[in-house]
Amino acid sequence: MRLSTVILPVHRWSEGQKLWRRAEELGFHAAYTYDHLSWESFREEPWFGAVPTLTAAATATERIRLGPLVTSPNFRHPVSLAQELTALDDIAGGRLTVGVGAGGTGFDAQVLGGGAWTSRQRADRFAEFVPLLDELLRRDATTRAGRHCTAVEARSVPGRLQRPRVPFCVAATGPRGLRTAARYGQGWVTCGDPADPDVPAARAPGVVAAQAAALAAACEAEGRDPGSLDKLLVQGFTGERPLASLDAFVQWAGTYRELGITELVVHWPVPDSPFAADPTVFEQIATEGLAQLD
C-alpha cells in the first residue's frame, strides 16, 4: 500500500511551492491536485489552474509523482489536453500520472454554457474522451471522428517519455465507467459513494467493497486480471475521519488494505475548510502511518 496526497490549488505559488516540496520530503508516493475551474466550497476563494500548478510543482520537486485527480470532459478536450500532458510529463521527467473521470454536475459542467448534463450524457462523453486521449498519447498523429470528441491529424511530437503512454487512473463507479477503467486504466479511483458524500463511517467500507467487486467483474469481462490495476481511495468524502489521529489513520488504512486498496490519497490540510486537519498529526501520519500496518 502507498500513501499519496491531494494539494488543493488554492495557494499562491510563493506559498504553494513549499507544500509540494514538503510532500516530497515527507515521502508521499504522489501529490495530486484537482482539475476544476472552481469548487463549491471555494467559489469565493483563490483557485488556480491544475496544469500550470502541476508544471510548477514538477520544477520544484525531483522524485514524487504528480498529476490531476481527476481531469474530465466538463471543460477539457482530448486534443489540447494531450498536448499539455505531454509537455507536463516531459517537464516532470516521466513522473506524471493522469486521473480521468466523467466529471460532476457543478460549476465546471455549466461554465462554458448550456445546462447540466445528465449522468447518461456525461457517460457518453467519457466513453469518447478516454479512448481518444489514450490514442493521442500513444501515437504521433491521430484522426478520429466522434459525436462529442474529434481529432484531425492531431500531432504529438516529440511524443511521450513513459511507454506506451502516461498511466491513467480512471475514476468510476457505474458499469460503463468501470468497463472503461478495466480497458484503459493502470489504476482505478474511488472516493466512496458519489451519490451520497456523507456516507456514515460504518457503511463506507461496504460501499467500496461493492465497487471493487463490480470492478473485478468488469476486468473479467475484458479478460483482464483485476490485480493488475492499482486501486486508489481518496479520503474526505465520507463520515470517516482518518486524519483525526495516527491511530484513526492506522485503523482506516488497515480496513482498506484488507479490501484491496493499494493507494490511499489524503487531503493536505486546508484551514477553515472541509479539509481542515491538525498539520502535526498529518505529518505524523505521512511519516509513520503505513509503517504501523506492518
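The structure presented is a predicted model; accordingly, all values stated were derived computationally and were not measured.

**Quick look at the nonpolar core**
Burial of nonpolar side chains together is a common tendency in soluble globular proteins.
Then comes step 1: Core analysis: the biggest nonpolar cluster contains 67 residues, and Phe-28, Leu-66, Leu-133, Trp-188, Phe-249 and Leu-264 have the highest contact counts within it.
Then comes step 2: Non-local contacts of Leu-264, meaning those with residues more than four positions away in its chain, are made with Met-1, Arg-2, Leu-3, Ser-4, Leu-233, Phe-249, Trp-252, Ala-253 and Tyr-256.

**Some thoughts on the side chain of Asp-35**
Then comes step 1: Mapped onto the elements of the fold, Asp-35 is located in the loop between β2 (30–33) and α2 (50–60).
Then comes step 2: Separated by 2.6 Å, the side chains of Asp-35 and Thr-71 make a polar contact.
Then comes step 3: A polar contact is formed between the side chain of Asp-35 and the side chain of Arg-76, at a distance of 2.9 Å.
Then comes step 4: Look past the residues within four positions of Asp-35 in its chain and what remains in contact with it is Ala-50, Pro-68, Val-70, Thr-71, Phe-75, Arg-76 and Asp-108.

**Things to note about the pairing of strand β9 (residues 230–234)**
Then comes step 1: Of all five residues that make up β9, four are buried, and the element is covered over most of its length.
Then comes step 2: Sheet analysis places strand β8 (residues 187–190) next to β9, joined by four bridges and oriented parallel. Within β9, the position partnered with Thr-190 by the bridge is Leu-233.
Then comes step 3: Note: β9 against strand β10 (residues 263–267), three bridges, orientation parallel. Counterpart to Leu-232 in the pairing with β10 is Glu-263.

**Points about the packing of aromatic side chains**
Then comes step 1: In total, this model carries 11 aromatic pairs according to the counting rule given.
Then comes step 2: A ring pair is formed by Trp-39 and Trp-47, whose centres lie 5.8 Å apart and whose planes are at 70°; its orientation type is edge-to-face.
Then comes step 3: An angle of 25° between the planes, with centres 5.8 Å apart, marks the rings of Trp-39 and Phe-275 as stacked. Here Trp-39, found in the loop between β2 and α2, pairs with Phe-275, found in the loop between β10 and α9 (279–288); they are 236 residues apart in sequence, far enough to count as distant.
Then comes step 4: An aromatic cluster is defined as three or more aromatic residues linked by ring pairs; in this entry it consists of Tyr-34, Trp-39, Phe-42, Trp-47, Phe-237 and Phe-275.
Then comes step 5: A cation sits over an aromatic face here: Arg-125 above Trp-117, 3.9 Å from the ring centre.
Then comes step 6: A cation over a ring is seen here: Arg-165 above Phe-168, with NZ or CZ 3.6 Å from the ring centre.

**Details of helix α5 (residues 119–138)**
Then comes step 1: When the terminal C-alpha atoms of α5 are compared, their 29 Å separation across 20 residues agrees well with the 28 Å that a helix rising 1.5 Å per residue should span.
Then comes step 2: Buried-residue contacts for α5 involve α3 (78–92), β4 (98–100), β5 (141–144), β6 (151–155), β7 (168–171) and α6 (175–184).

**Some thoughts on the sheet that holds β4**
Sheet strands associate in pairs through backbone hydrogen bonding, adopting either a parallel or an antiparallel arrangement.
Then comes step 1: If you walk across this open sheet you meet the eight strands as β3-β2-β1-β10-β9-β8-β7-β4, and the pairing is parallel. Edge positions in the open sheet fall to β3 (65–68) and β4, since each of these has one partner strand only. The sheet shows a mean angle of 25° between the axes of neighbouring strands, direction not considered.

**Things to note about the pattern of salt bridges**
Then comes step 1: Applying the stated criterion across every chain, the model contains 16 salt bridges.
Then comes step 2: A salt bridge links Glu-84 to Arg-76; the shortest N-O distance between them is 3.4 Å.
Then comes step 3: On the basis of relative accessible area, Glu-84 is assigned to the partly exposed category, the value being 32%.
Then comes step 4: Judged by its relative accessible area of 18%, Arg-76 falls in the buried class.
Then comes step 5: In this structure, Arg-176 engages Asp-124 in a salt bridge whose closest nitrogen and oxygen atoms are separated by 2.8 Å. Of this pair, Arg-176 sits in helix α6 while Asp-124 sits in helix α5, and the two are 52 residues apart along the sequence.
Then comes step 6: On the accessibility criterion, Asp-124 (24% relative accessible area) is partly exposed.
Then comes step 7: Here the salt bridges share partners, and the residues they tie into one network are Arg-2, Asp-230 and Glu-263.

Here is what the cut-offs are and how they apply
Residues numbered from 1 in each chain as written. Predicted model: local features only at pLDDT ≥ 70, side-chain atom pairs only at ≥ 80, totals over all residues. Heavy atoms only, no water. Core = buried A, V, L, I, M, F, W, Y, C linked by side-chain atoms within 4.5 Å. Buried < 20%, exposed > 50% of the residue type's maximum accessible area, 1.4 Å probe, protein only. Contact = heavy atoms within 4.5 Å. Helix = DSSP H or I, 4+ residues; strand = E, 2+ residues; numbered from the N terminus. Polar contact = N/O pair within 3.5 Å; in protein donor to acceptor, adjacent residues only side chain to side chain. Pairing = 2+ DSSP bridges. Phe/Tyr/Trp six-rings, centres within 6.5 Å; stacked < 30°, edge-to-face > 60°. Lys NZ or Arg CZ within 6 Å of the ring centre and 35° of its normal. Expected span 1.5 Å × (residues − 1). Axes fitted to C-alpha atoms, helices over the stretch in contact; angles between N-to-C directions. Salt bridge = Lys/Arg side-chain N within 4 Å of Asp/Glu carboxyl O.

Note that every value here comes from positions in space, so none of it alone points to a role or purpose.
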